[in-house]
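Each chain is listed here by its residues.
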Amino acid sequence: MIPDHIAKTIIDPKAYAAGQPIDEAFTYLRREAPLDVAHPEGFDPFWVVTRQDDIRQVELQNELFHNGDRSTVLTTIEADLKVRQMMGGSPHLVRSLVQMDNPDHGNYRRLTQPSFAPQNLRALEARIREIARGFIDRMADKGDRCDFAKDVAFLYPLHVVMEVLGVPEADEPRMLKLTQELFGSADPELNRAQGKVDDTDQALANLQATVADFIVYFNEMTEDRRRNPRDDLASVIANGQIEGQPLGHLEAMSYYIIAATAGHDTTSSTTAGALWALAERPAQFRAVKEDPSLIKGLIEESIRWETPVKHFMRTATADAELAGRKIAKGDWLLLSYPSGNRDEAVFDNPFDFDVTRPNNKHIAFGYGAHVCLGQHLARMEMRILWEELLPRLESVELDGQPRRMEASFVCGPKSVPIRFKMN
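Here is a short report on the structure shown in this document. (Residues numbered from 1 in each chain as written. Predicted model: local features only at pLDDT ≥ 70, side-chain atom pairs only at ≥ 80, totals over all residues. Heavy atoms only, no water.)

**Description of the overall build of the chain**
So, point 1. Summing up its helical and strand segments, the chain has 18 helices and 14 strands in all.
So, point 2. Taking 423 residues into account, the globule formula puts the C-alpha radius of gyration at 22 Å, and the chain, at 21 Å, falls close to it.
So, point 3. Dimensions of the chain, computed from the C-alpha atoms along their principal axes, are close to 60 × 55 × 40 Å.
So, point 4. When each of the 423 residues of the chain is scored for burial, the buried share is 57%.
So, point 5. Restricting the contact set of the chain to residue pairs at least 6 apart, pairs at least 24 apart contribute 71%.
So, point 6. Total accessible area computed for the chain in this model is approximately 17900 Å², and 50% of it derives from carbon and sulfur atoms. (Helix = DSSP H or I, 4+ residues; strand = E, 2+ residues; numbered from the N terminus. Rg over C-alpha atoms; globule rule 2.2 N^0.38 Å. Buried < 20%, exposed > 50% of the residue type's maximum accessible area, 1.4 Å probe, protein only. Contact = heavy atoms within 4.5 Å. Areas by Shrake-Rupley, 256 points an atom, 1.4 Å probe, with all protein chains shown as cover.)

See the structure below:
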């Protein structure tokens, strides 16, 4: 059994914001209890999967380890019960690809897969480059100081994804606010209440209100795209069919929500985390600035380094064995992606940020059938931004202490103050 203090750490949003406590907890687990059960108070017991190979094994066995049978995100017993009461027995407030198993997962994924295929994304490159240059110009206009997270990293991927989705630029601030309320529900600066929320009913009411705001918005968009289809992702979702039938209402709304949130937030976190890392490491900054061939390494290392999605849960559909341990049917498993991306068996010096890291086999996008649908778009956005920014950025250093959001599910920098010189 995992020691209580470690179990408390790995569920604590503040520990993820601080960084070091979570790194130390998972380092301990990889060494002493790489696959064991946590029993934090108020939660059903769950296995904690910390090594990359074990995470991959779970991700590859989709029939044995389901996404949708129980909550896909770690949640308390009380919150789970209340969500099921709200949702007619379902443990999910939304039902996106993340909450689906086959055949639904495959059918719904195929609906938008062509939109995110590398060969189709190439048509967007010139437009994304134009957007990137616009944000870099805005950064230059600020003089020699800015908050790179708030002024660039949050807004650039948001603008790209909203164009792909078909959301007007005027509505982007609303989408950013709702995204931060959804993923930052435990963060008093970002959640809907704009303060500390300890009460489960209030926390769920806040989340439900945020989801409801998304649904109101995307209901209107669906009606519009059915009347006037366009060349955008919203039209694909609004007019899509699964086995000859329109998408279910909850499924369609959830599809919009995951595109409008995960579609930019994770890229924003990685981009902000990358500049934070470079600002602290002048030699790494100089190396990638002088040798653009290292941009690919910078992207992969920053994805590994930041790992914005901290976990997903899986549920065993039958008795199984994993890493020599007996998993029982119905058992709940937490896949820790940051732990897998610091696995000493996979990475030399995993706590070093190294843009020259060879063969960077991170699992920040997941693995197997549920691998991130938007990974190619995310990489393209980051590549273009660095290709445009690095030649203009003469120097960069931190101008204050960066801060991460308080969250145990999706977590990244919320402030990266920098001082810089640009040409």
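Text resumes after the structure shown.
**Here's the deal with the pairing of strand 2 (residues 46-49)**
So, point 1. The alternating pattern of strand 2 places Phe46 and Val48 on one face and Trp47 and Val49 on the opposite face, and all of these are buried.
So, point 2. Sheet topology places strand 1 (residues 35-38) next to strand 2; four bridges connect them, and they run antiparallel. Bridge pairing in strand 2 links Leu35 to Val49.
So, point 3. Note: strand 2 against strand 10 (residues 332-336), three bridges, orientation parallel. If you follow Val49 over to strand 10, its bridge partner there is Leu335. (Pairing = 2+ DSSP bridges.)

**Considering the pattern of salt bridges**
So, point 1. For the structure shown, the criterion picks out 36 salt bridges.
So, point 2. We note a salt bridge from Arg127 to Glu130, for which the minimum N-O separation is 3.3 Å. On the criterion of helical spacing, the pair formed by Arg127 and Glu130 is a turn pair, its members being three residues apart in helix 8 (residues 125-141).
So, point 3. Residue classification places Arg127 among the partly exposed positions, given a relative accessible area of 31%.
So, point 4. Arg192 is paired through a salt bridge with Glu181; the nearest N and O atoms lie 2.9 Å apart. Within this pair, whereas Arg192 is found in the loop between helix 11 (172-183) and helix 12 (200-227), its partner Glu181 is found in helix 11, the two being separated by eleven residues in sequence.
So, point 5. Given the relative accessible area of 29%, Arg192 is considered partly exposed.
So, point 6. Members of the salt-bridge network, linked through shared partners, are Glu125, Arg129, Arg133, Arg383, Glu387 and Glu388. (Salt bridge = Lys/Arg side-chain N within 4 Å of Asp/Glu carboxyl O.)

**Looking at the side chain of Arg70**
So, point 1. Relative to the helices and strands, Arg70 resides in the loop between strand 3 (65-66) and helix 5 (77-86).
So, point 2. Among the polar contacts listed, one links the side chain of Arg70 to the side chain of Asp44, at a separation of 2.9 Å. (Polar contact = N/O pair within 3.5 Å; in protein donor to acceptor, adjacent residues only side chain to side chain.)

**Description of the sheet that holds strand 1**
So, point 1. Ordered by their spatial adjacency, five strands build an open sheet running 1-2-10-7-3, and the pairing between neighbours is mixed. Looking at strand neighbours, the two that pair on one side only are strand 1 and strand 3, the edges of this open sheet.
So, point 2. Most of the contacts of helix 4 (residues 52-60) go to strand 10, to which it runs at about 125 degrees, and overall it touches strand 2, strand 3, strand 7 (311-316) and strand 10. (Axes fitted to C-alpha atoms, helices over the stretch in contact; angles between N-to-C directions.)

**Here's the deal with the packing of helix 11 against helix 14 (residues 249-280)**
So, point 1. Their axes nearest at 10 Å, the elements helix 11 and helix 14 cross at an angle of 85 degrees. The orientation of helix 11 with respect to helix 14, classified from their angle, is roughly perpendicular. Seen from helix 11, the contacting residues are Met175, Leu176, Thr179, Leu182 and Phe183; seen from helix 14, they are Ile257, Ala260, Thr261, Ala262, His264 and Asp265. (Parallel < 35°, antiparallel > 145°, perpendicular 65-115°, else oblique.)

**Re the nonpolar core**
So, point 1. Ranked by internal contacts, the top residues of the largest apolar core, which has 134 residues, are Ile10, Phe46, Met139, Phe148, Met175, Phe218 and Trp386.
So, point 2. When neighbours within four sequence positions are excluded, Phe46 is seen to be in contact with Ile10, Ile11, Asp36, Val37, Ala38, Pro40, Leu74, Met313, Trp332 and Leu334. (Core = buried A, V, L, I, M, F, W, Y, C linked by side-chain atoms within 4.5 Å.)

**Notes on the side chain of His92**
So, point 1. Structurally, His92 is set in the loop between helix 5 and helix 6 (104-112).
So, point 2. One polar contact links the side chain of His92 to the main-chain carbonyl oxygen of Gly68, over a distance of 2.8 Å.
So, point 3. If sequence neighbours within four positions are ignored, His92 has contacts with Asn67, Gly68, Arg70, Ser71, Thr72, Val83, Met87 and Gln99.

**Points about helix 18 (residues 375-389)**
So, point 1. With 15 residues, helix 18 extends 21 Å between its outermost C-alpha atoms, agreeing within 8% with the 21 Å of an ideal straight helix rising 1.5 Å per residue.
So, point 2. Summarising burial for helix 18: eleven of the 15 residues are buried, a large majority.
So, point 3. What helix 18 keeps buried is the set Gln375, Leu377, Ala378, Met380, Glu381, Met382, Ile384, Leu385, Trp386, Glu388 and Leu389. (Expected span 1.5 Å × (residues − 1).)

**Considering the sheet that holds strand 4 (residues 145-147)**
So, point 1. With respect to topology, three strands assemble into an open sheet ordered 4-14-11, the strand pairing being antiparallel. Each end of this open sheet is capped by a strand with a single partner; those strands are strand 4 and strand 11 (393-398). For this sheet the average axis-to-axis angle between neighbouring strands, irrespective of direction, equals 30 degrees.
So, point 2. As paired strands, strand 11 and strand 14 (residues 417-422) are joined by five bridges and run antiparallel to one another. In the sheet register, Glu397 faces strand 14, and the bridge partner there is Arg419.

**A few points about the environment of Glu280**
So, point 1. With respect to the helices, strands and loops of the structure, Glu280 is situated in helix 14.
So, point 2. According to the relative accessible area criterion, Glu280 is partly exposed, its value standing at 44%.
So, point 3. When the C-alpha positions of Glu280 and Glu397 are compared, they lie 6.7 Å apart, and in sequence the two are 117 residues distant.

**A look at the environment of Ser269**
So, point 1. In this fold, Ser269 is placed in helix 14.
So, point 2. Ser269 sits 101 residues away from His370 along the chain, and the two C-alpha atoms are 20 Å apart.
So, point 3. In this structure Ser269 touches Glu306, Pro308, Cys411, Gly412 and Pro413, once residues within four positions along its chain are discounted.

**Observations regarding the packing of aromatic side chains**
So, point 1. Applying the stated rule across the entire model yields ten aromatic pairs.
So, point 2. Summarising the aromatic geometry, the rings of Phe135 and Tyr156 are spaced 6.3 Å apart at their centres and angled 65 degrees between planes, so their arrangement reads as edge-to-face. A residue pair is termed long-range when its members are at least 10 positions apart, and Phe135 in helix 8 and Tyr156 in helix 10 (residues 155-165) qualify at 21 residues. Each member of the pair, Phe135 as well as Tyr156, carries the same accessibility label: buried.
So, point 3. An angle of 85 degrees between the planes, with centres 5.2 Å apart, marks the rings of Tyr217 and Phe218 as edge-to-face. Phe218 carries the same exposure label as Tyr217, and that label is buried.
So, point 4. Among the aromatic side chains, those forming a connected cluster through ring pairs are Phe183, Phe312, Tyr337 and Phe409.
So, point 5. Between Arg70 and the ring centre of Trp332, over which it is positioned, the NZ or CZ distance is 4.6 Å.
So, point 6. In this arrangement the basic side chain of Arg138 is found over the ring face of Phe135, its NZ or CZ atom lying 4.3 Å from the centre. (Phe/Tyr/Trp six-rings, centres within 6.5 Å; stacked < 30°, edge-to-face > 60°. Lys NZ or Arg CZ within 6 Å of the ring centre and 35° of its normal.)

As far as function goes, none of this settles anything; it's purely spatial.
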